[in-house]
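Chain residues, written in single-letter form:
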Amino acid sequence: NAGVTQTPKFQVLKTGQSMTLQCAQDMNHNSMYWYRQDPGMGLRLIYYSASEGTTDKGEVPNGYNVSRLNKREFSLRLESAAPSQTSVYFCASSDLALGDSPLHFGNGTRLTVT
Amino acid sequence: GESVGLHLPTLSVQEGDNSIINCAYSNSASDYFIWYKQESGKGPQFIIDIRSNMDKRQGQRVTVLLNKTVKHLSLQIAATQPGDSAVYFCAETLPYTGGFKTIFGAGTRLFVKA
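Predicted model only: the values in this text are computed from it and were never measured.

## Brief notes about the sheet that holds strand 6 (residues 62-67) of chain B
Residues and elements named next belong to chain B. Read across the open sheet, the four strands follow the order 2-7-6-5; overall the sheet is antiparallel. The open sheet has two edge strands with one neighbour each: strand 2 (19-24) and strand 5 (56-58). Pairwise comparison of adjacent strand axes, ignoring direction, gives a mean angle of 15° for this sheet. In this sheet, strand 7 (residues 72-77) lies alongside strand 6 in antiparallel orientation, the contact comprising six bridges. Residue V64 lies in a different strand from strand 7, and its bridge partner there is L75.

## Digging into the packing of aromatic side chains
Under the counting rule described, the total for this entry stands at 11 aromatic pairs over all chains. For the ring pair A:Y33 and A:Y35, a centre distance of 6.4 Å and an interplane angle of 35° mean the geometry is tilted. Among the residues examined, A:Y33 registers a relative accessible area of 1% and is labelled buried. Classification of A:Y35 as buried rests on a relative accessible area of 0%. Ring plane angle 85° and centroid distance 5.3 Å describe the contact between A:Y35 and B:F104, whose orientation is recorded as edge-to-face. Placement of A:Y35 in strand 4 (residues 31-37) and of B:F104 in strand 9 (residues 99-104) is noted, with the two residues assigned to different chains. For B:F104, a relative accessible area of 6% gives the class buried.

## Thoughts on the confidence of the model for chain B
Averaged over all residues, the pLDDT of chain B equals 90, while 93% of them reach at least 70. Low pLDDT, under 50, characterises residues 1-6 of chain B; the stretch is placed with 10 contacts to residues that sit more than four places away or in other chains.

## Remarks on the interface of chain B and chain A
With 28 residues of chain B at the interface, the matching set in chain A holds 29 residues. Each partner contributes to the roughly 2200 Å² buried at the junction of chain B and chain A, and carbon and sulfur atoms together form 55% of this total. Between chain B and chain A we count one salt bridge in total. Among the ionic pairs, B:R51 bridges to A:D100, the shortest N-O distance being 3.3 Å. When residues of the side of chain B that touches chain A are traced back to their parent elements, those giving at least two are strand 3 (32-38), strand 4 (45-51), strand 8 (86-96) and strand 9 of chain B.

## Looking at the sheet that holds strand 3 (residues 19-25) of chain A
Residue and element names in this part refer to chain A. Judged by pairing direction, the sheet is antiparallel, and its four strands sit side by side in the order 1-3-8-7 without closing on themselves. At either end of the open sheet lies a strand with only one pairing partner, and these are strand 1 (4-7) and strand 7 (64-68). Each strand axis lies, on average, 15° off the axis of its neighbour in the sheet, ignoring direction. Note that strand 7 and strand 8 (residues 74-78) share five bridges and pair antiparallel. The partner of R68 across the bridge, within strand 8, is F74.

## Notes on the state of the cysteines
Following the criterion strictly, the structure yields two disulfides over all chains and no others. A:C23 shares a disulfide with A:C91; S-S distance 1.9 Å. Taking the sign of the S-S torsion, about -75° here, the bridge from A:C23 to A:C91 comes out left-handed. With A:C23 in strand 3 and A:C91 in strand 9 (residues 87-94), the pair connects residues that are 68 residues apart, well separated along the chain. The exposure class assigned to A:C23 is buried, which follows from its relative accessible area of 3%. Between the sulfur atoms of B:C23 and its disulfide mate B:C90 the distance is 1.6 Å. Its S-S torsion of approximately 40° makes the covalent link between B:C23 and B:C90 right-handed. Here B:C23 is found in strand 2, whereas its partner B:C90 is found in strand 8, with 67 residues between them in sequence.

## Concerning the pairing of strand 11 (residues 109-113) of chain A
Residues and elements named next belong to chain A. Across the two faces of strand 11 the burial differs, with T109, L111 and V113 buried and R110 and T112 not buried at all. For strand 2 (residues 10-13) and strand 11, the ladder comprises four bridges, and the chain directions are parallel. Residue pairing in the sheet places Q11 in a bridge with L111 of strand 11. Summarising the sheet, strand 9 and strand 11 pair through three bridges and their orientation is antiparallel.

Rules and cut-offs
- Residues numbered from 1 in each chain as written.
- Chains lettered and ligands numbered in written order.
- Predicted model: local features only at pLDDT ≥ 70, side-chain atom pairs only at ≥ 80, totals over all residues.
- Heavy atoms only, no water.
- Pairing = 2+ DSSP bridges.
- Helix = DSSP H or I, 4+ residues; strand = E, 2+ residues; numbered from the N terminus.
- Axes fitted to C-alpha atoms, helices over the stretch in contact; angles between N-to-C directions.
- Phe/Tyr/Trp six-rings, centres within 6.5 Å; stacked < 30°, edge-to-face > 60°.
- Buried < 20%, exposed > 50% of the residue type's maximum accessible area, 1.4 Å probe, protein only.
- pLDDT = per-residue confidence, 0-100.
- Contact = heavy atoms within 4.5 Å.
- Buried area = accessible area lost by both parts, 1.4 Å probe.
- Salt bridge = Lys/Arg side-chain N within 4 Å of Asp/Glu carboxyl O.
- Disulfide = S-S within 2.5 Å.

Set out below in structure tokens:
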């Protein structure tokens, strides 16, 4: 049982380049999330999808877009990367529809923008 | 609001001692709380949770205490082991647009000395 799988594990981009971070979960969870983690800080929510077909902004959505491709997959796109987007990105899923289910995380994508 | 800082609070304990990690949460509307453990290079992993109608919950070697009056959460680890060395995050879940969202604290780094 793979849980939450993120690709790629590492990526280096030049300023202005674009890329898509992929995430898939095999737990049949309704809700999926993208967080970023910067040194010395907790995780900050970028975007989330409460259920298939819906997406909403989190705390730090600027510079990102998302697509909930189907129930399993939730991708995060950087259209024009900036050095401020250097971070570790985590995808998570849960059955949070009832508000009492923990998040299950992937192992992250480490992104450096030069 | 969120706490922001470049350096994580650190707790250093001797192997075999008990550890207590504290967390203050911010939202009175939060009704579900979780502790996560994050090891280097990995995503956060669920340890234990507690709902707002409880003030204590025990797991295997871990206990979570909730004080809603002062909005305080703590994680107690009994007989701390070297494998417990990690960063620990508390998280609160509250209703949000379209569902629920989870807000993370900044984290505490636990060092276990052999």
